[in-house]
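# Structural overview
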Amino acid sequence: MLPPALFLLAASRFAIASLVGSGTVASLDGISYYVGGIPVGQLGTNSSRNAIIEAGMIPGMDLFPITVIDVPGAGIQGNDLLGITAQYDEEDDVFQPAFLKTIYLRSAEMSSPALNGTDLEGALSSMGTSLLITSEGASGGFGDIGRTRVLEGLISANLPKGPYFVSAATGNIFKVHRLYGDDNLAFIQGIVSDENGGYTSLPAVTENIMTKSIAVPSRLYYTPSDDQPLAGLRFGVKDIYHVKGVGTSGGNRAFYYLYGVRNTTCLSVQRLIDLGAVLVGKMGTVQFANGDRVTADWVDFHAPFNPRGDGYQNPSGSSTGSGAGTAAYEWLDMAVGSDTGGSMRGPAGSQGIFGGRPSTGAISMDGVLPLSPVSDSAGVFARSGSLWAKITQLWYPNIQSNYTSYPKTIHRAVAPINMTAAARSVIDGWVAKLEDFLQVTSTPANFTARWEETHGDAPENLAEMMNLTYGVYITHDQWASLGKPFFDDYAARHGGRQPYINPGPLARWQWGQVHATDADYAQALRNISIFKNWWETEGFGRSDPESCSESLYIYAWSTGEPSYRDAYFAAPTGPPLGFTESNIPIMAGTPEVVVPVGEVPYNSTITMQTEYLPVTMALRMARGCDYVLASLVSDLDAAGVLPSVAAGSRLYPE
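Criteria and cut-off values
Residues numbered from 1 in each chain as written. Predicted model: local features only at pLDDT ≥ 70, side-chain atom pairs only at ≥ 80, totals over all residues. Heavy atoms only, no water. Helix = DSSP H or I, 4+ residues; strand = E, 2+ residues; numbered from the N terminus. Rg over C-alpha atoms; globule rule 2.2 N^0.38 Å. Buried < 20%, exposed > 50% of the residue type's maximum accessible area, 1.4 Å probe, protein only. Contact = heavy atoms within 4.5 Å. Areas by Shrake-Rupley, 256 points an atom, 1.4 Å probe, with all protein chains shown as cover. Lys, Arg positive; Asp, Glu negative; His and termini not counted. Charge placed at Lys NZ, Arg CZ, Asp CG, Glu CD. Pairing = 2+ DSSP bridges. Axes fitted to C-alpha atoms, helices over the stretch in contact; angles between N-to-C directions. Parallel < 35°, antiparallel > 145°, perpendicular 65-115°, else oblique. Left-handed = near helix turned anticlockwise from the far one by under 90°. Nonpolar A, V, L, I, M, F, W, Y, C, P; charged D, E, K, R; others polar. Polar contact = N/O pair within 3.5 Å; in protein donor to acceptor, adjacent residues only side chain to side chain. pLDDT = per-residue confidence, 0-100. Phe/Tyr/Trp six-rings, centres within 6.5 Å; stacked < 30°, edge-to-face > 60°. Lys NZ or Arg CZ within 6 Å of the ring centre and 35° of its normal. Salt bridge = Lys/Arg side-chain N within 4 Å of Asp/Glu carboxyl O. 1 Å grid on protein atoms, 1.4 Å probe; cavity = no way out; pocket = protein on both sides within 12 Å on 5 of 7 lines; lining within 4 Å. Points joined across faces, edges and corners; volume = space filled by probe spheres on them.

### Here's the deal with the overall build of the protein
Of regular secondary structure, the protein possesses 17 helices and 28 strands. At 27 Å, the protein has a C-alpha radius of gyration in line with the 26 Å of a compact globule built from 654 residues. The dimensions of the protein, computed from C-alpha atoms along their principal axes, are 90 × 65 × 50 Å. The buried share of the protein, taken over its 654 residues, is 58%. Restricting the contact set of the protein to residue pairs at least 6 apart, pairs at least 24 apart contribute 76%. Accessible surface, the protein: about 25,600 Å² in total, of which carbon and sulfur atoms supply 51%. Of note, the protein has its 40 positive side-chain charges centred 4 Å away from the centre of its 62 negative side-chain charges.

### What to know about the sheet that holds strand β23 (residues 443–445)
Here 12 strands make up an open sheet; going across it, the order is β15-β14-β18-β17-β19-β21-β20-β27-β28-β26-β22-β23 and the pairing mixed. Since the sheet does not close on itself, it has two edges, and those belong to β15 (199–201) and β23, each with one partner. Across the sheet, the mean angle from the axis of one strand to that of its neighbour is 30°, orientation sign disregarded. Note that strand β20 (residues 354–357) and strand β21 (residues 378–382) share 2 bridges and pair antiparallel. If you follow F354 over to β21, its bridge partner there is A382. Running over the sheet, helix α7 (residues 320–328) touches β17 (234–238), β18 (278–283), β19 (334–338) and β21 and is turned about 160° from β19.

### Re the packing of helix α13 (residues 469–493) against helix α14 (residues 503–515)
Packing of α13 against α14 leaves a shortest axis separation of 9 Å and a crossing angle of 110°. Considered as vectors, α13 and α14 are oriented roughly perpendicular to each other. In this structure, α13 meets α14 at a crossing whose hand is left-handed. Judged by residue contacts, G471, V472, I474, T475, Q478, W479, L482, G483 and F487 of α13 engage R508, W509, W511, G512, Q513 and H515 from α14. Counted by class, the contact of α13 with α14 contains 7 nonpolar, 7 polar and 1 charged residues.

### Some remarks on the side chain of T148
Relative to the helices and strands, T148 resides in the loop between β10 (131–134) and β11 (149–152). Residue classification places T148 among the buried residues on the basis of a relative accessible area of 3%. Of the polar contacts made by the side chain of T148, one reaches the backbone oxygen of T129; its length is 2.7 Å. If we ignore the near neighbours within four places in the chain, the residues touching T148 are L124, T129, S130, L131 and L132.

### Description of the confidence of the model for the protein
For the protein, per-residue confidence averages 93 on the pLDDT scale, and 94% of positions sit at 70 or higher. Confidence drops under a pLDDT of 50 for residues 1–12, and excluding neighbours within four residues, the segment shows 17 contacts in the predicted structure. A low-confidence stretch, residues 17–21 (pLDDT under 50), is modelled with 10 contacts involving residues beyond four sequence positions or located in other chains.

### Regarding the packing of aromatic side chains
Evaluation of the coordinates by the stated rule reveals 37 aromatic pairs. Seen from their ring centres, F487 and W509 are 6.0 Å apart, and the 70° between their planes marks the pair as edge-to-face. Residue F487 is found in helix α13, and its partner W509 is found in helix α14; the two are separated by 22 residues along the sequence. Assigned by exposure class, F487 and W509 land together as buried. Both rings, one in Y555 and one in W557, keep their centres 6.2 Å apart while their planes meet at 45°; by these two values the pair is tilted. Judged by relative accessible area, which is 23%, W557 ranks as partly exposed. Clustering of aromatic rings is evident, with ring pairs tying together F447, W451, F531, W534, W535, F540, Y553, Y555, W557 and F579. Sitting over the face of the ring of F569, R293 holds its NZ or CZ atom 3.8 Å from the ring centroid. Its end group placed over the ring of F305, R565 keeps NZ or CZ at 3.8 Å from the ring centre.

### What about the pattern of salt bridges?
Taken as a whole, this structure holds 18 salt bridges when the rule is applied. Measuring nitrogen to oxygen at the nearest pair gives 2.9 Å for the salt bridge that ties D333 to R219. A residue pair is termed long-range when its members are at least 10 positions apart, and D333 in the loop between α7 and β19 and R219 in the loop between β16 (213–217) and β17 qualify at 114 residues. D333 gets classed as buried once you look at its relative accessible area, which sits at 11%. One salt bridge in this structure joins E599 and R650, with 2.9 Å as the shortest N-O distance. Of the two residues, E599 sits in strand β27 (residues 592–603) while R650 sits in the segment after α17 (626–638), which places them 51 residues apart along the sequence. Accessibility expressed as a relative area gives 13% for E599, which makes it buried.

### Re empty space enclosed by the protein
Scanning all chains against the criterion turns up 5 cavities of 30 Å³ or more. Size it by volume and the largest cavity reaches roughly 60 Å³. Around the largest cavity, the lining residues are G356, R357, P358, W388, T392, Y396, P591, E592, V593, D626 and L629. Residues that form the lining of the largest cavity fall into these classes: 6 nonpolar, 2 polar and 3 charged. Quantified by volume, the second largest cavity comes out at close to 50 Å³. Residue lining of the second largest cavity: R293, V294, T295, N314, S563, Y564, R565, A567 and F569, and that is the complete set. The residue makeup of the lining of the second largest cavity, split by class, is 4 nonpolar, 3 polar and 2 charged.

### Quick look at the pairing of β21
A large share of β21 lies buried, amounting to 5 of its 5 residues. Judged by which residues are buried, β21 turns out to be covered on both faces: A378, V380 and A382 on one side and G379 and F381 on the other are all buried. Bridge analysis of β19 against β21 gives 5 bridges, and the strand direction is antiparallel. The residue of β21 that forms the bridge with V336 is V380.

Given below as structure tokens:
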């Protein structure tokens, strides 16, 4: 809730909203911040605290801004101070010069750096600093510096560098979180740390249409280390992952309210947090990680918006919010989704970002709403191939890394018939770069033809054998592990009533109760075993002692064809049936990542202008070769073959 009045300062505009939950919304020079209700430090001792507060406080306001500045040496010159603060401004989207109204100088070599008042006067004046705090003895006894008041006092020693707000009433120091609007509806809710191993729903919003606010802390608070190599990277998680202190909706309102807040954070998300990543919110999902069309099927929640092209293209799913947020927001570094049957790779292709599924079983899925343990997997989205690779190699424990080369064979699947000339040109050009990098010429691959030649005692018709397999095991497993317990628990709480379920998952569960008997399920598992064994021996998924995977298998994932989110389709009648290229890693348990390779123009029926949509490729290796695949993506990034993409409507803005 915004305050009825704004308080103005000579140096900057500053406003405080009414207290909201366990924190405050503040506005500094037109930028909104959430100031958490949990102090992370304290101003000085009692004697120095009062003097500092009196000098730094803003009349009529409780909070005032301050910046903790780390000085690398024993002393500091004016140009050095200007250089440090300029670097803070460049590296951090939360920091801004208005936080320099009060600064605390801290040296790495001594309690506080030695000061030269004459040299610093010009720098302090240009920064608009009215109060400079140092430790005892650092000021040299020369008093104030020009118009800047100089006071001695201690601030909590373990406080990271960066911007903060101080309470004039208590001397407590609070972290600063910048509030961003979720214009693409990627998030279910913003969350902030409770500074005690858990999280709380963000009790702050800024004025906007339909959107929530997401609070992100200063990047300056975090320094990567051997133990926390992902320190400071912001991420959101698909709302099927449990997080301590907040609820999980799974895209269903009744489910969210029935089960309430969670007591633990799931192992996969906790591992990212332990590696230093900063969790900022829960993100939208197709209900219970199934597959829904944007128009009509998304009933309980509004579908996130794909930022690419005209902004009204299908964002795909089921990791819809995670994909849309990564593609839309520069302030979000990565996002976690899941892939059971394509739920990572679909959004990655639709939005032209890096995202895929690991080898099945690469990381624990405990504490995650299940679709099916047969192929449930956790994945991550990023706009940079090198970042995606780094997270992949750090996040998944025990993946094989003792390789000495890359695969010496590239298998290229047959291109889709409806590919445009522009998309074909993009893909052919990219494949040529890949071939040049690996010093290998790709060879055509047809898995159906290979099966017909080498299936042995297995059924002759692969498509027929696998047609029902995916539909059977996901409907059987999710109804048993989630659907029926949910119905039973809801009925017990609500007088026998049934909860609302979106058309997609409801149709799947109903189909499964007819077509996914225990006998059907057992046959589906046998089909998977048959195919997996074939893929790893006679197919294209053989391992290699030097390169981990004997070959790199590639195929076109998205080709820049428009798919408008307002298109109507027939009502869902059951799970997806059939067997295509994208089903292979599901059944074989192999790692596969979708990567952006270009964009092509189209004439938008929304904007009536020429817009651009992504062209992407899927890269696959043998089961267990996640580390090698990630290394290849990272090296292709470094070589300019897979450059990073931008957030917004274009992958590569002109």
